[in-house]
Structure formats: C-alpha cells, structure tokens
Amino acid sequence: MLALVARRLMTAIPTLLAIILTSFFLMRLAPGGPFDGERPLPPETQAALQTAYGLDKPLWEQAWLYISRLAQGDFGPSLVYRDFTVSELVAQGLPISLTLGGLAIALALLIGVSAGLFAAVRAGKAADKTIMMLATVATALPTFVTGPALALLFGLWLGLLPVSGTGEGWSWLIMPVVALALPVSGAIAKLTRAGLATVLKQDHIRTARARGLPETKILFKHGLRPALVPVASYLGPAAAGLLTGAVVVETVFGLPGLGRYFVQGALNRDYPLVLGVVTLYATLIILFNLFADLIYGWLDPRMRDG
Amino acid sequence: MRRLLNRVHWPLWVVLVLIALALILPLVSPWTYDQIDWEAVRAPAFSGSHIFGTDEIGRDRLARLAAGTQVTLMVAIAAALVSLVVGIAWGATAGWVGGKVDEAMMRFVDALYALPFMFIVILLMVIFGRSILLVFIGIGLVEWLTMARVVRGQVMALKQRPFILAAEAAGTPPRTIILKHVLPNIAGVALAYLMLTVPQVVMVESFLSFLGLGVQEPLTSLGILVKEGADDMDMTPLGLLLPGGLLVIILVCLTIEGERLRDIFS
C-alpha cells in the first residue's frame with residue numbers, strides 16, 4: 001500500500017511539471033499581454049512593468065524562476081488584480097470550489113449507488129428499465145443547461161433558492177451542487193448496476209444464497225463491495241469532469257471560486273494566476289486519482305500490489 | 001449498409017429529423033438568423049411570422065435555433081471524425097505493434113485521461129483566437145482517448161485470429177493486412193464509439209461557447225443560444241428553454257443510440 005502511494009507520488013512530480021510547462025508556454029504564445037488595458041499605457045511604463053515582473057527575461061529563465069519559486073510555495077503576484085498575490089486569490093476561491101466539488105461527488109455517489117443498487121435488485125423489471133433510462137438522460141444533462149434551468153425554476157419562478165452569490169446559510173449551495181452532481185450520478189448508477197449484475201452471478205453469491213444468508217446481507221456484504229470496483233475507477237475522470245463543470249456552475253451562479261479566476265485570468269493574460277489555478281487543479285486531480293486507487297485496493301484486495 | 005439502416009432506432013431518427021429541419025428551415029423562413037426585426041424586439045411566441053418570437057435584439061428565435069443546431073452538429077461531426085482518425089491510428093498502432101511500444105503508448109493515454117484537459121483546451125481557445133476550425137481540432141484532440149483504448153483492444157484480439165495469422169504466413173505486407181483485414185473488422189465498434197463521441201463533443205463545444213470561447217458572433221451555436229437565454233431568462237424564459245431543451249434532446253438521443261450500438265457490437 002505504502003509502496004503504491006510512494007510510486008504514484010514519484011510519477012506525479014514529472015506529470016505536474018509537464019502540465020505547468022505546457023501551460024506556461026501556451027500562455028506565452030498568446031498575442032497580447034497583461035498590461036493591455038482599455039487605454040494603452042505609454043511604452044516606458046509598459047517596459048518598466050515588464051521589468052518589474054521579470055517578463056523581459058528569456059522565456060526559459062522565466063519558466064525556471066517560476067518553478068523554483070513554486071517549489072517554495074510562492075505562486076507569485078497577480079498581474080491584473082495588482083493588490084493581490086495569486087496565493088491570496090486562490091485562498092479565497094479554493095474553499096468554494098472544494099466545497100462544491102466535494103458535496104457534488106458525495107451526492108452523486110449517494111444517488112448513483114442507491115439507484116444502481118435498486119435497479120440491480122429489480123433486474124429486468126420496469127423499475128430497472130426506468131432507472132437506467134433516467135440514468136442515461138442524467139449523463140446527457142450539461143451543467144450549463146441544468147444550472148440556468150434550475151435557477152429559473154427554483155430561483156425566479158418559485159423564489160425558493162437564491163439565484164446567485166453566496167448568501168446566508170447553506171441554501172446557495174443546493175442548486176450548483178445538484179447541477180454538478182446529476183450527470184455524475186447517472187454514470188455511477190449505470191456502473192453500479194452493471195457491476196452488481198456481474199457480481200450477483202458469481203459463485204460466492206450462489207454459495208451465500210445456498211447457506212441461507214438473508215438477501216440484504218448478501219447484497220451489501222458480499223455483492224456491493226466487488227461491484228463498486230468500476231465505480232472507483234470512474235472517480236478519477238469524474239473528478240476532472242466536476243472541476244470543469246465547476247467553472248460553468250461558478251459562472252452561472254456568480255460564485256467566486258477558482259474556475260472564474262481561471263477563465264478571467266486567461267482572458268486577461270494574467271500569467272501567474274492562470275498557472276497557479278492550473279497547478280492547483282492538476283494537483284487536486286492527481287491526489288484524487290491516488291485516493292481512488294486506494295479505494296480500489298480496499299474494494300478489491302487483488303489490486304493492492306498493482 | 002442495409003443491416004446498418006435496420007439498426008437505426010428511434011433516437012437516431014429524432015436527431016436525423018432535427019438535422020433535416022435545421023437544414024430546411026433557413027430555406028423557407030422569412031428571417032435569417034442574424035437579421036434584426038426592429039418592429040418586434042422580444043416578441044412573444046406566435047407573433048406574426050416569428051413562431052417562437054424574437055430575442056432581446058429582435059432576431060427570429062426559430063431561425064437562430066436552426067442556425068445554431070447546424071453549427072453545433074457540424075462542429076461535433078467534424079471533431080468526432082478528428083478523434084476517430086487519431087484514435088484509430090494510435091490504438092491500431094499500439095495494438096498491432098504490441099510490447100514496449102504498446103505499453104508506452106497506452107501509458108500516455110492513461111496519463112492524459114487523468115489530466116484537466118479541458119483547461120488546456122480553454123487556454124488554446126483563449127490564445128489562438130476563436131476560429132471554428134480550431135474549436136473542432138482542439139475538441140477532437142481531447143476526445144480521441146477512449147477511441148484509442150477501444151481500437152487497441154479490438155486489434156489485439158484480431159491479431160490472434162486465424163485469418164490474420166494466415167495472411168501473415170502468406171507474406172502479405174502489414175500495411176495491406178491492417179487496411180484490408182483489420183480496419184474493416186473494427187469498423188462496427190469504431191462506429192458505435194463515434195456515435196458516443198458526438199454527444200461528448202457537442203457538450204464540449206457548447207461548454208466553450210457558453211464561456212464565450214467557442215464559435216463567435218455573428219455565427220451562433222446552441223451553446224451561445226443557451227448563454228444568451230440564461231443572461232435574459234428573467235425577461236423571456238423561452239430564450240433559455242428552447243435551445244436548452246433542444247440541446248438536451250440531441251444529447252440524450254445520441255447517447256441512447258450510441259450505447260445501444262456499443263452493446264450490439266461488443
């Protein structure tokens with residue numbers, strides 16, 4: 001187990017470096033710069049700013065400087081929100097994005113696993129077919145449609161939930177989380193249903209039935225755990241999908257999360273801000289994949305040394 | 001081909017009818033998608049010649065829906081084809097050559113799977129302007145991974161089959177074997193996954209357009225229409241509900257059909 005974690009962390013570092021460097025040079029290929037505002041600045045000011053932020057140095061040197069500072073935990077200054085460092089901006093956005101993503105994946109697991117379980121128990125019956133059809137529909141629901149549609153229905157028409165911003169209490173979280181969780185829960189329901197269908201045909205389940213164990217015990221103790229292996233392997237891509245979805249949801253519901261900083265930063269050519277967000281996102285996804293692998297090993301002991 | 005047509009199921013017919021409507025409507029409609037009717041700004045549905053009314057600057061909703069559907073599906077099909085070509089080339093090479101090459105190539109795919117790839121695409125869009133060509137190349141380059149995995153598996157299974165071994169024993173050059181014997185046999189599965197890629201691509205394209213990074217005005221797409229509708233939904237909910245509903249119908253139908261084909265072929 002420890003060996004697996006160590007090995008994964010070793011490969012994580014070159015992966016992260018590759019992502020950071022790719023983003024770094026992609027950003028720099030872009031025409032325009034962070035200091036082209038509405039009114040063009042005088043050339044001397046431009047040059048002074050470039051020097052102040054080290055943008056006049058050769059690209060490779062800048063990349064090296066960026067990475068060596070990053071290794072010490074310094075994300076650098078924001079070039080557009082000039083009173084803030086990237087760390088400060090990210091510290092504001094990260095909790096919101098993490099809350100959204102964490103709650104969404106919890107909700108998706110709850111809905112998806114229970115729906116898949118229910119469908120598998122009723123295999124072949126009307127309930128099974130209905131649930132699977134609903135799951136297919138759910139996977140095809142884009143957050144940028146469900147988000148505004150939910151806001152229209154519950155926010156504007158029924159007036160039950162706040163349409164935008166982070167108001168009082170927790171009610172502002174409901175619609176963004178539901179919009180994010182729906183497609184993931186559909187996919188999880190399908191995987192759970194398919195996993196259970198395979199597992200329930202296996203010998204150890206037949207043995208358990210022959211021993212006269214109660215059906216609920218067979219299902220939860222012997223059936224569900226191996227059936228969730230495909231769900232665990234889907235969690236990595238799901239996390240990447242949720243982070244992308246969060247960009248939309250944060251835009252739709254006007255939430256000051258990381259995603260908004262990313263899009264705004266890219267449009268403003270705020271190089272350090274974009275790189276900071278990309279680095280964080282990539283780290284989160286790598287960590288989440290590692291976590292998914294550990295769950296995987298727990299669910300299926302044969303995978304532990306893999 | 002006839003066998004294929006017999007396998008076409010109702011969801012695909014829905015999409016085909018929608019495509020036909022999107023192609024025919026602009027020919028018969030009195031309004032074009034970017035034409036402004038100064039007499040009827042934010043007209044409600046069924047007012048005069050505007051069946052679904054007009055948007056906040058007086059453009060005919062129906063004409064815009066037709067144009068948006070055309071662009072969205074065109075981008076989707078083009079991008080899905082890019083992913084098909086890249087995926088088949090990558091997957092078939094890995095599966096055919098095998099060994100270390102296969103391992104390296106599939107490791108690469110695994111690594112890309114876990115990446116926040118959408119963010120690189122967003123960066124690409126921001127950087128290289130927002131040309132429609134780039135939109136689908138960018139999307140196609142992201143969506144080829146699953147295709148590569150599936151094709152590799154198929155090729156590896158085929159490699160052991162007697163007719164391939166026989167062709168090899170007869171001294172047929174590998175190029176000919178791949179083109180004449182391997183590719184025709186993976187066409188079915190590839191088609192099923194192509195069908196599943198199209199809704200993925202529609203989703204990515206609309207996502208980019210929604211953020212203002214995809215197709216640009218005066219061209220329109222379903223994603224842009226959803227965005228415009230969402231911005232104006234407190235005034236005219238129809239502006240959000242029509243393109244949103246249409247987009248969901250297309251996505252659901254394509255997904256159902258793709259999953260059905262996949263289950264048939266695998």
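How each quantity is defined
Residues numbered from 1 in each chain as written. Chains lettered and ligands numbered in written order. Predicted model: local features only at pLDDT ≥ 70, side-chain atom pairs only at ≥ 80, totals over all residues. Helix = DSSP H or I, 4+ residues; strand = E, 2+ residues; numbered from the N terminus. Contact = placed C-beta atoms within 7 Å. Nonpolar A, V, L, I, M, F, W, Y, C, P; charged D, E, K, R; others polar. Axes fitted to C-alpha atoms, helices over the stretch in contact; angles between N-to-C directions. Parallel < 35°, antiparallel > 145°, perpendicular 65-115°, else oblique. Left-handed = near helix turned anticlockwise from the far one by under 90°. Core = buried A, V, L, I, M, F, W, Y, C linked by C-beta atoms within 7 Å. Buried ≥ 20, exposed ≤ 12 C-beta atoms within 10 Å, placed from the backbone. Expected span 1.5 Å × (residues − 1). pLDDT = per-residue confidence, 0-100.

> How do you make sense of the overall build of chain B when you look at a structure like this?
In terms of helices and strands, chain B carries 11 helices and zero strands. Reading chain B from its N end, one meets helices and strands in the order α-α-α-α-α-α-α-α-α-α-α. Each principal axis of the C-alpha atoms in chain B carries an extent, and together these give about 75 × 45 × 25 Å. Sequence-distant contacts, at least 24 apart, represent 68% of the contacts inside chain B between residues at least 6 apart.

> Would you mind showing me how to read the overall build of chain A here?
Each helix and strand in chain A was counted, giving 12 helices and zero strands. The secondary structure elements of chain A, listed N-terminal to C-terminal, are α-α-α-α-α-α-α-α-α-α-α-α. In terms of its C-alpha atoms, chain A occupies a principal-axis envelope of roughly 85 × 55 × 30 Å. Expressed as a percentage of contacts within chain A between residues at least 6 apart in sequence, the contacts between residues at least 24 apart total 75%.

> Got a minute to help me understand the interface of chain B and chain A in this structure?
Every contact between the two is made by 33 residues of chain B and, on the other side, 37 residues of chain A. Of all elements in the fold, only helix 4 (99–113), helix 5 (117–127), helix 9 (174–210), helix 10 (222–231) and helix 11 (238–265) of chain B reach the threshold of two or more residues within the side of chain B that touches chain A. Among the elements that line the side of chain B that touches chain A, the one with the most residues is helix 11 of chain B, at nine residues. Of the residues belonging to the side of chain B that touches chain A, the class tally is 28 nonpolar, three polar and two charged.

> Is there a simple way to explain the packing of helix 3 (residues 61–97) of chain B against helix 7 (residues 145–159) of chain B in this structure?
Working note: a packed helix pair is described by the angle between its axes plus the distance between those axes. All names here are of chain B. Taken N-terminus to C-terminus, the directions of helix 3 and helix 7 make an angle of 40°; their axes are 7 Å apart at the nearest point. What the angle tells us is that helix 3 and helix 7 run oblique. Here helix 3 and helix 7 pass one another in a crossing that is right-handed. Between helix 3 and helix 7, the residues in contact are S83, L84, G87, I88, W90, G91, A92, A94, G95 and W96 and M147, A148, R149, V150, V151, R152, V155, M156 and K159, respectively. Tallied by class, residues from the contact of helix 3 with helix 7 come to 12 nonpolar, four polar and three charged.

> How do you make sense of the nonpolar core when you look at a structure like this?
For soluble globular proteins, the rule of thumb is that nonpolar side chains tend to be buried together. Membership of the largest hydrophobic core comes to 160 residues, with the highest contact counts inside it found for V277 of chain A together with I122 of chain B. Of the residues forming this core, the biggest block, 17 residues, is contributed by helix 3 of chain B. Aside from chain neighbours lying at most four places away, what touches I122 of chain B is V263 and A266 of chain A together with L213 of chain B.

> For this particular structure, what's the right way to read the packing of helix 4 (residues 86–121) of chain A against helix 11 (residues 258–268) of chain A?
Residues and elements named next belong to chain A. One can describe the packing of helix 4 onto helix 11 by two numbers: an axis separation of 7 Å at closest approach and a directional angle of 130°. Taken together, the axes of helix 4 and helix 11 are oblique relative to one another. Taken together, the residues of helix 11 that come into contact with helix 4 (itself represented by L89, V90, G93, L94 and S97) are L258, G259 and Y261. Class assignment of the residues belonging to the contact of helix 4 with helix 11 gives a composition of five nonpolar, three polar and no charged.

> Even after reading the chapter, I still don't get helix 2 (residues 43–52) of chain A, so can you show me in this structure?
Along an α-helix, a turn takes 3.6 residues, which lines up residues three or four apart on a common side. With zero of 10 residues buried, helix 2 of chain A is to be regarded as a mostly surface element. The positive-phi residue at the C-terminal boundary of helix 2 of chain A is G54 of chain A, with phi of around 70°.

> I keep staring at unusual backbone geometry and nothing clicks. Help me out?
Residue and element names in this part refer to chain A. Look at R269: it is not a glycine, yet its phi comes out positive at around 60°. Assignment of secondary structure puts R269 in the loop between helix 11 and helix 12 (271–299). The class for R269 is buried, based on 21 C-beta atoms found within 10 Å.

> Before we go on, may I ask you to explain the environment of A238 of chain A in this structure?
Residue and element names in this part refer to chain A. Residue placement: A238 occurs in helix 10 (residues 229–252). Residue classification places A238 among the buried positions, given that 25 C-beta atoms sit within 10 Å. When near neighbours in sequence (up to four residues on either side) are disregarded, A238 contacts I105 and V184.

> Please explain helix 1 (residues 2–29) of chain A as it appears in this structure.
For helix 1 of chain A, with 28 residues, the first-to-last C-alpha span of 41 Å sits near the 40 Å given by 1.5 Å per residue. When we look at burial in helix 1 of chain A, the residues that qualify are I19, S23 and M27 of chain A.

> Explain the confidence of the model for chain B to me, please; I cannot follow it from the model alone.
Parts of the model with low pLDDT should not have their predicted coordinates read in detail. Residues at a pLDDT of 70 or more form 94% of chain B, whose mean pLDDT is 84. At the low end of the mean pLDDT range in chain B sits helix 1 (residues 2–6) of chain B, at 62; at the high end sits helix 3 of chain B, at 90.

> Can you help me understand the environment of L182 of chain A in this one?
All names here are of chain A. On the secondary structure map, L182 appears in helix 7 (residues 171–199). Exposure remark for L182: the 23 C-beta atoms within 10 Å place this residue in the buried category. Sequence separation between L182 and I67 is 115 residues, and the spatial gap between their C-alpha atoms is 38 Å. Among all residues touching L182, those that are not within four sequence positions of it are A138, L141 and T146.

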